[in-house]
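Each chain is listed here by its residues.
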Amino acid sequence: MAVIPQYRGRWALITGAGDGIGRALALGFAAEGLNIVALDIRADAAQTVASEARALGAQARVLTCDVSDRAAMMRAGQELETSGHIPSILWVNAGVGAGASLIEGSQRAIEWALSVNVLGVAWTAQAFVPAMLKLDGPRHVGVTASSASIVDVQGPYTLYAASKQGTAAFGEALAAELKPKGVGVTILYPGLLNTNIWNAARARPDRFGGITLMPDAAGERWRQAQSPDIVVDPTLRTIAKGGGRAVVATDAETLPLFEARTASIRDGFKA
């Protein structure tokens, strides 16, 4: 039985759809009867997911874009609107893992993380939301943040954690702007999952340092984690209730770390 039957036959666009959480969500939406626009910086990966969506009975299109390139994203938005494939669900998922610190990280590493994980949210919204607002019927925007967004920034991935807190903050800004317009917004906070985010530089643009392949051993921690498929059901159920936050914790540390952060904020509050 479909969780979001009101979206059946409509289009969902997912950025970073080529693998990991993006692929899981794209196929989850396809299984719900939506048609799919798979947007990824890697054309071959997006094509593979589009083929998988078609095997589930969906129509599927591919857009090859770098979400940190505003001009390219705006062109993609215009292309989609002209073709009539305007999404009723827009999922802002593309993100990169940068294993660097603020103090010692290179300029390019910092600019890459912020350009994709933070500014990419803004450019994606600017590219596709205006056309969505012209649609009748249900509409929803989702943003993939991280469990690192709701706890105090932890090492050694301080740059990543800080950038994903920015992702969540931009998601909250979208909620403030879109809910009065009748558009639901969901912010997804997944824990560590078996994705290739540890090797994100395999598709890094030249202006941020170009392609770098991490040694296979670097991904062992992620390979031991749960499948990203576990985010699909909580995401669908949050959309079904009109939006909100969906925290998919994958370890026992997330809740106490979240509670400690909340307590520290409360302790610092001066009436």
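Bear in mind the structure is a predicted one, so any value in this text is a computation, not a measurement. Residue numbers here run from 1 along each chain, matching the order of that chain's written sequence. Local features are withheld for residues below a pLDDT of 70 in this predicted model, meaning they are given only at 70 or higher, and side-chain atom pairs are given and counted only at 80 or more; totals for whole chains, interfaces and linings count all residues. Values reported for side chains reflect all heavy atoms of the structure, with hydrogen atoms and water molecules removed beforehand.

Q: Talk me through the sheet that holds strand 4 (residues 89-92); I want residue IDs and the actual numbers.
A: Read across the sheet, seven strands follow the order 3-2-1-4-5-6-7 without closing on themselves; strand pairing throughout is parallel. Looking at strand neighbours, the two that pair on one side only are strand 3 (60-64) and strand 7 (243-248), the edges of this open sheet. Direction aside, the axes of adjacent strands within the sheet are offset by 15 degrees on average. Only strands joined by at least two bridges in the DSSP assignment are considered to pair. Think of it this way: any DSSP run of H or I at least four residues long counts as a helix, any run of E at least two long counts as a strand, and we number them from the N terminus. When strand 1 (residues 11-15) meets strand 2 (residues 35-40), the two strands line up parallel, connected through five bridges. Bridge assignment links leucine 13 to a residue of strand 2, and that residue is valine 37. We call two residues in contact whenever any of their non-hydrogen atoms come within 4.5 Å of each other. The angle between two axes is taken between their N-to-C directions and runs from 0 to 180 degrees, where each axis is a line fitted to C-alpha atoms and a helix contributes only its stretch in contact. Its contacts with the sheet put helix 1 (residues 20-31) on strand 1, strand 2, strand 4, strand 5 (140-144) and strand 6 (184-190), and the angle it makes with strand 1 is roughly 175 degrees. Each of strand 4, strand 5, strand 6 and strand 7 is contacted by helix 7 (residues 232-240), which is oriented at about 165 degrees to strand 7, the strand it contacts most.

Q: Give a description of the packing of helix 4 (residues 107-132) against helix 5 (residues 158-178) that names residues and reports values.
A: One way to put it is that helix 4 packs onto helix 5 with a least axis distance of 9 Å and a crossing angle of 15 degrees. With respect to helix 5, the axis of helix 4 lies roughly parallel. In this structure, the crossing between helix 4 and helix 5 has a hand that is right-handed. Across the interface between the two elements, Ala109, Ile110, Ala113, Leu114, Asn117, Val118, Val121, Ala122, Ala125 and Val129 of helix 4 pack against Leu159, Tyr160, Ser163, Lys164, Gly166, Thr167, Phe170, Leu174 and Leu178 of helix 5. Just so you know how the angles are binned, under 35 degrees is roughly parallel, over 145 roughly antiparallel, 65 to 115 roughly perpendicular, and the rest oblique. Left-handed describes a crossing in which the near helix is turned anticlockwise from the far one by less than a right angle; the clockwise case is right-handed.

Q: With reference to specific residues and values, describe helix 2 (residues 43-55).
A: Helix span is expected to be 1.5 Å times the residue number reduced by one. Its 13 residues place the ends of helix 2 18 Å apart at the C-alpha level, agreeing with the 18 Å of an ideal helix rising 1.5 Å per residue. For the exposure calls, accessible area comes from a 1.4 Å probe over protein chains only, and a residue counts as buried if that area is under 20% of its type's maximum, exposed if over 50%, partly exposed in between. Among all positions of helix 2, only Ala45, Ala46, Val49, Ala50 and Ala53 are buried. Relative to the axis of helix 2, the buried residues are bounded by an arc of 135 degrees and lie together on one face. Residues of helix 2 that are exposed and angled more than 90 degrees away from the buried face: Asp44 and Ala55. Tucked inside the fold, the buried residues of helix 2 contact helix 1, strand 2 and strand 3. Arc definition: it is the arc formed by the directions from the helix axis to the C-beta atoms.

Q: Run through the side chain of threonine 167, naming residues and quoting values.
A: Positionally, threonine 167 belongs in helix 5. A residue is classified by how much of its surface remains accessible, and threonine 167, at 1% relative accessible area, is buried. For this analysis, a polar contact is any N or O atom pair within 3.5 Å, provided that within protein one partner can donate a hydrogen and the other can accept it, and provided that sequence-adjacent residues contribute only side-chain to side-chain pairs. At a separation of 2.5 Å, a polar atom in the side chain of threonine 167 contacts the main-chain carbonyl oxygen of asparagine 117. Excluding residues within four positions of it along the chain, threonine 167 makes contact with Asn117, Val118, Val121, Val143, Thr144 and Ala145.

Q: So what about helix 3 (residues 70-83)? Which residues, and what values?
A: For an α-helix, the turn length of 3.6 residues means that residues three or four places apart are oriented alike. Compared with the 20 Å implied by 1.5 Å per residue over 14 residues, the 20 Å span of helix 3 between its first and last C-alpha is a close match. Taken together, the buried positions of helix 3 are Ala72, Met73, Ala76, Gly77 and Leu80. Seen from one end, helix 3 has its buried residues packed into an arc of 140 degrees, which puts them on one side. For helix 3, the exposed residues lying more than 90 degrees away from the buried face are Arg75 and Thr82. Looking at the buried side of helix 3, the elements it contacts are strand 1, strand 2, strand 3 and helix 4. Taking the backbone nitrogen of alanine 71 as reference, a side-chain oxygen 3.2 Å away marks aspartate 69 as the first, capping residue of helix 3. Positioned one or two residues after helix 3, glycine 84 has a phi angle of 85 degrees, which is positive.

Q: A description of the side chain of asparagine 117 should follow, citing residues and the corresponding values.
A: You can see asparagine 117 is positioned in helix 4. The contacts of asparagine 117, once residues within four sequence positions are left out, are Ala94, Gly95, Val96, Tyr160, Ser163, Lys164 and Thr167.

Distances and angles like these do not, on their own, reveal function.
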